[in-house]
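# Residue-level structural notes
One-letter residues, chain by chain:
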Amino acid sequence: MLQKIWSYFEEIAAGIVFAVGIFLIFYGVVMRYIFNDPQAWVEEIARYSIIWGTFLGFGMALKHNHHIQVDILYDKLNNTMKFIVNIVATTLSIVFCLIYTYYGFVLVENRYSSGMVSLDVGIPMWVIYLILPISGVLFLLRFIERLVNILRRKGEEYANPLN
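Below: a short report on this structure. (Residues numbered from 1 in each chain as written. Predicted model: local features only at pLDDT ≥ 70, side-chain atom pairs only at ≥ 80, totals over all residues. Heavy atoms only, no water.)

### Considerations on the overall build of the protein
The criterion, for reference: Secondary structure elements follow DSSP: runs of H or I of four or more residues count as helices, runs of E of two or more count as strands, with numbering from the N terminus. We compute the radius of gyration from the C-alpha atoms alone; for a globule the expected value is 2.2 Å times N to the 0.38, where N is the number of residues. Categorising residues by exposure relies on relative accessible area from a 1.4 Å probe, with only protein chains included: less than 20% of the type maximum marks a residue as buried, more than 50% marks it as exposed, and the intermediate range marks it as partly exposed. The contact definition used throughout considers only heavy atoms, calling two residues in contact when any of these lie within 4.5 Å. In this description, accessible areas are obtained by the Shrake-Rupley approach with a 1.4 Å probe, and a residue is regarded as covered only by the protein chains that are shown. Charged residues are defined here as Lys and Arg on the positive side and Asp and Glu on the negative side; His and the ends of the chain fall outside this count. In this description, the location of a charge corresponds to atom NZ of lysine, CZ of arginine, CG of aspartate or CD of glutamate.
Within the protein, the regular secondary structure consists of 5 helices and 0 strands. In terms of overall dimensions, the protein is more spread out than a globule: its C-alpha atoms have a radius of gyration of 20 Å, far above the 15 Å expected for 163 residues. Overall size of the protein, expressed as C-alpha extent along the three principal axes, is 60 × 40 × 35 Å. Here the protein holds 163 residues, and 33% of them are scored as buried. Taking the contacts inside the protein whose residues are at least 6 apart along the sequence as the reference set, 74% of them involve residues at least 24 apart. Carbon and sulfur atoms make up 69% of the accessible area of the protein, which amounts to about 11,100 Å² in all. Charge separation in the protein, taken as the distance between the mean sites of 12 positive and 12 negative side-chain charges, equals 10 Å.

Printed below as a string of structure tokens:
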């Protein structure tokens, strides 16, 4: 139940935030070229929305295994070697996520203490950078889920377009 709520949250949050960014770009184009009334704030908010939507979508892409992968050698391995490679790769990914999340918090703390704000709208920059530790935690949780599934030998379906 909790896993379904988490998955829905990821998909809905990423989709809504990304869609807001796309809508704002469309709005900006209409205001600029049709009404000849460009809005300075639109580009900034659209940029931040698309960045937030993309970063929120990291975990969702991992869940559905849509990240870029080069598996020409991996496909030639036997099941035991695949198991070992999966554990090593997922463990390294967890370590990366821990470092990424930690430094994301450091960056947010630096932006908070500096009092920086965005140029056009005046949004505190720590709010913009907050997506780094949030996405790091969400990505970390997905990698932990993947590691548990690997250790349980629960098979995962990979989206291989060649099959």
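### With respect to the environment of P133
Within the element layout of this structure, P133 appears in helix 5 (residues 131-151). Between the alpha carbons of P133 and H66 there is a distance of 21 Å; along the sequence they are 67 residues apart. Beyond its immediate sequence surroundings of up to four residues, P133 is in contact with T101, G104, F105 and V108.

### Let's talk about helix 5
Quick note on the threshold: How far a helix is expected to stretch is found by multiplying one less than its residue total by 1.5 Å.
The end-to-end C-alpha distance of helix 5, which contains 21 residues, comes to 30 Å, matching closely the 30 Å that a straight helix rising 1.5 Å per residue would cover. Where helix 5 terminates, the next one or two residues include R153, which has phi positive at roughly 60°.

### Quick look at the pattern of salt bridges
As a reminder, the rule being used: Here a salt bridge means any side-chain nitrogen of Lys or Arg lying within 4 Å of a carboxyl oxygen belonging to Asp or Glu.
This structure, assessed with the given rule, holds 4 salt bridges. Between K63 and E11 there is a salt bridge whose closest N-O contact spans 3.8 Å. Separated by 52 residues along the polypeptide, K63 in helix 2 (residues 40-63) and E11 in helix 1 (residues 2-34) bring together distant segments of the chain. Among the salt bridges present, the one from R47 reaches E43, with a minimum N-O distance of 3.3 Å. With R47 and E43 both in helix 2, this residue pair falls 4 residues apart, about one helical turn. A residue is classified by how much of its surface remains accessible, and R47, at 39% relative accessible area, is partly exposed. Several salt bridges share partner residues, and in doing so they unite E10, R142 and E145 into one network.

### Considering helix 1
Relative to the 48 Å expected for 33 residues at 1.5 Å per residue, helix 1 spans 47 Å between its end C-alpha atoms, a close match to the ideal helical length. Those residues of helix 1 that sit buried are W6, S7, E10, A13, A14, G21, L24, G28 and M31. In this fold, the buried residues of helix 1 make contact with helix 2 and helix 5. N36, located one to two residues past helix 1, shows a positive phi value of around 50°.

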